[in-house]
Amino acid sequence: RINLALQTLSEATSLIDSDPGRALQGFRNAIAANPREPRSYAWAVVVLYRMGRFQDCRDVLNKAERSGIGRGQMMANAQFRSIMNTESFNHKIPD
């Protein structure tokens with residue numbers, strides 16, 4: 001399952017700019033295959049934030065937290081970190 005999650009994560013990452021909808025589905029599949037992998041959650045939040053789906057961002061962050069993954073672990077992703085910095089000013093993701 002972990003290898004499947006990593007393969008799915010890699011494929012989804014390559015689709016972020018060209019097909020964000022498919023990328024998002026790939027990240028969701030990666031989360032389902034390995035719910036303890038912080039990169040999948042981080043990338044899902046990046047895609048959702050870019051799509052303006054802020055409530056969905058909150059849902060993914062909550063799911064990550066329930067899986068034992070904190071934001072600190074997701075901060076290894078530079079794009080996630082950038083979005084969280086932007087979010088600290090914009091406050092678009094609901095509490």
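See the structure printed just above.
A brief report on the enclosed structure follows. (Residues numbered from 1 in each chain as written. Predicted model: local features only at pLDDT ≥ 70, side-chain atom pairs only at ≥ 80, totals over all residues. Heavy atoms only, no water.)

1. Observations regarding the packing of helix α3 (residues 38-50) against helix α4 (residues 54-66)
Stated precisely, the cut-off is as follows: In this analysis, axes come from line fits to C-alpha atoms, helices being fitted only over the stretch in contact, and the angle between any two N-to-C directions falls in the range 0 to 180 degrees. Helix and strand assignments come from DSSP, with helices taken as H or I runs of at least 4 residues and strands as E runs of at least 2, each series counted from the N terminus. Each angle receives one of four descriptions, namely roughly parallel if under 35 degrees, roughly antiparallel if over 145, roughly perpendicular if within 65 to 115, and oblique otherwise. We call two residues in contact whenever any of their non-hydrogen atoms come within 4.5 Å of each other. In this classification, Asp, Glu, Lys and Arg are treated as charged, Ala, Val, Leu, Ile, Met, Phe, Trp, Tyr, Cys and Pro as nonpolar, and every other residue, Gly included, as polar.
At a minimum axis separation of 8 Å, α3 and α4 run at an interaxial angle of 170 degrees. Taken together, the axes of α3 and α4 lie roughly antiparallel to each other. Across the interface between the two elements, Tyr41, Ala44, Val45, Leu48 and Tyr49 from α3 touch Phe54, Asp56, Cys57, Val60, Leu61, Lys63 and Ala64 from α4. The class makeup of the residues in the contact of α3 with α4 is ten nonpolar, no polar and two charged.

2. Some words on α3
Note: α-helices contain 3.6 residues per turn, so residues at a spacing of three or four share the same orientation. Just so we agree on the cut-off: To estimate how far a helix should reach, multiply one less than its number of residues by 1.5 Å. The buried label applies to any residue whose accessible area, calculated with a 1.4 Å probe on protein chains only, is under 20% of its type's maximum; exposed applies above 50%, and partly exposed to all values in between.
Its 13 residues place the ends of α3 19 Å apart at the C-alpha level, agreeing with the 18 Å of an ideal helix rising 1.5 Å per residue. Counting buried residues in α3 gives eleven out of 13 residues, a clear majority hidden from the surface. Residue Gly52 follows α3 closely and has a positive phi angle near 80 degrees.

3. Examining helix α6 (residues 78-90)
Quick reminder of the rule: As used here, the arc belongs to the directions running from the helix axis to the C-beta atoms. Contacts described as polar in this section are N or O atom pairs within 3.5 Å, which, within protein, must combine one atom able to donate a hydrogen with one able to accept it, while residues neighboring in sequence count only if both atoms come from side chains.
Here α6 is 13 residues long and its end C-alpha atoms lie 18 Å apart, about the 18 Å a rise of 1.5 Å per residue gives. Every buried residue of α6 is accounted for by Phe80, Ile83, Met84 and Glu87. Projection of α6 onto a plane perpendicular to its axis shows the buried side chains occupying an angular sector of 100 degrees, all on one side. Close packing links the buried residues of α6 with α3, α4 and α5 (71-74). In this structure Asn77 caps α6, since a side-chain oxygen of it lies 2.8 Å from the backbone nitrogen of Gln79. At the C-terminal side of α6, His91 shows a positive phi close to 55 degrees.

4. Brief notes about the packing of aromatic side chains
Inclusion rule: Stacked, tilted and edge-to-face pairs are distinguished by plane angle, under 30 degrees for stacked and over 60 for edge-to-face with tilted covering the rest, among Phe, Tyr and Trp rings (Trp via its six-membered ring) whose centres lie within 6.5 Å.
Tallied over the entire structure, the rule returns two aromatic pairs. Between the aromatic rings of Phe27 and Trp43, the centroid separation amounts to 6.3 Å while the plane-to-plane angle is 10 degrees, which identifies the pairing as stacked. Of the two residues, Phe27 is situated in helix α2 (residues 20-33) and Trp43 in helix α3; the sequence distance between them amounts to 16 residues. A relative accessible area of 0% means that Phe27 is categorised as buried. With a relative accessible area of 14%, Trp43 lands in the buried category.

5. Here's the deal with the pattern of salt bridges
For the record, the criterion: Any carboxyl oxygen of Asp or Glu that lies within 4 Å of a side-chain nitrogen of Lys or Arg is treated as forming a salt bridge with it.
Counted according to the given criterion, the structure contains four salt bridges. Of the charged contacts, one joins Asp17 and Arg50 as a salt bridge, the two residues approaching to 3.5 Å between their closest N and O atoms. Of this pair, Asp17 sits in the loop between α1 (2-14) and α2 while Arg50 sits in helix α3, placing them 33 residues apart in sequence. What makes Asp17 exposed here is its relative accessible area of 70%. Judged by relative accessible area, which is 48%, Arg50 ranks as partly exposed. Linking Arg22 and Asp19 is a salt bridge whose minimum nitrogen-to-oxygen distance equals 3.9 Å.

Shape is all these values report; function is a separate question.
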